[in-house]
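# Residue-level structural notes
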Amino acid sequence: MRENGEIRNMTYKPSIFVDADACPVKEECIACARHFQLDIVFVASMKNMTSNYPGTTWIYVDWDKEAADLYIMNHARKGDIAVTADIGLAAALLGKEVSVISPRGIFYNENNIDSMLFMRHESAKKRRKGVHSKGPKAFTAKVRENFRENLMRNLSNFEGI
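Residues numbered from 1 in each chain as written. Predicted model: local features only at pLDDT ≥ 70, side-chain atom pairs only at ≥ 80, totals over all residues. Heavy atoms only, no water.

With that settled, the discussion passes to the packing of aromatic side chains. The tally for this structure, following the rule as stated, stands at four aromatic pairs. Centroid distance Tyr53 to Trp58: 6.2 Å. Interplanar angle 5°. Geometry classified as stacked. For Trp58, a relative accessible area of 14% corresponds to the buried category. Summarising the aromatic geometry, the rings of Trp58 and Tyr60 are spaced 6.0 Å apart at their centres and angled 25° between planes, so their arrangement reads as stacked. (Phe/Tyr/Trp six-rings, centres within 6.5 Å; stacked < 30°, edge-to-face > 60°. Buried < 20%, exposed > 50% of the residue type's maximum accessible area, 1.4 Å probe, protein only.)

Listed below in structure tokens is the structure:
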């Protein structure tokens, strides 16, 4: 049923859940959701109270570090799509058969999630020892376009449903 992050043969339109606090591709998510007439739910902590996006649903959760993740985990259903950079959340959502894409346009799947979790663990161990990396590569227009194209390709599986 799932191929490279894509879900086929669904009988309902999915919802898109966005882990919104630090999501750099909110506008791309909205454009894709509107194109396919899908519901989109942004989940953010109370500290990010801006929601200048008409026609979208915003859920504000506590400031707790995991509150947005828990909301998404409790509300996303099989076949939905989630946008998050949180690898732990992605791993949990994959277990619920939710399609998960990073803001950089990479689909998390059964083939790559274990290595991503391992790299996250190793990076955390290094940080605890005082070793810090340079951080992520710059978020460019090309990265933004890659995200949009990959999300559109995934959502095109639902067109006509």
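The discussion continues.
At a closest axis distance of 10 Å, the pairing of helix H2 (residues 67–75) and helix H3 (residues 87–95) adopts a crossing angle of 10°. Of the possible angle classes, the one that applies to H2 and H3 is roughly parallel. Contacts from Asp69, Ile72 and Met73 of H2 reach H3 at Leu89, Ala92 and Leu93. Residues belonging to the contact of H2 with H3 are distributed by class as follows: five nonpolar, no polar and one charged. (Axes fitted to C-alpha atoms, helices over the stretch in contact; angles between N-to-C directions. Helix = DSSP H or I, 4+ residues; strand = E, 2+ residues; numbered from the N terminus. Parallel < 35°, antiparallel > 145°, perpendicular 65-115°, else oblique. Contact = heavy atoms within 4.5 Å. Nonpolar A, V, L, I, M, F, W, Y, C, P; charged D, E, K, R; others polar.)

Quick look at the pattern of salt bridges now. A complete count under the given rule lists four salt bridges for this structure. We note a salt bridge from Arg77 to Asp80, for which the minimum N-O separation is 4.0 Å. Owing to a relative accessible area of 45%, Arg77 belongs among the partly exposed residues under this scheme. Between Lys78 and Glu97 there is a salt bridge, with the nearest N and O atoms lying 3.8 Å from each other. With Lys78 in the loop between H2 and strand S6 (81–83) and Glu97 in the loop between H3 and strand S7 (99–101), this pair connects stretches of sequence that are 19 residues apart. (Salt bridge = Lys/Arg side-chain N within 4 Å of Asp/Glu carboxyl O.)

Of all hydrophobic cores here, the largest spans 23 residues; its most connected members are Ile16, Val18, Ile40, Val83 and Leu155. Those residues in contact with Leu155 that sit more than four places away from it in its chain are Ile16, Cys32, Phe36, Leu38 and Ile81. Val61, Ala67, Ala76 and Tyr108 belong to the second-largest nonpolar core, a separate cluster that totals 17 residues. (Core = buried A, V, L, I, M, F, W, Y, C linked by side-chain atoms within 4.5 Å.)

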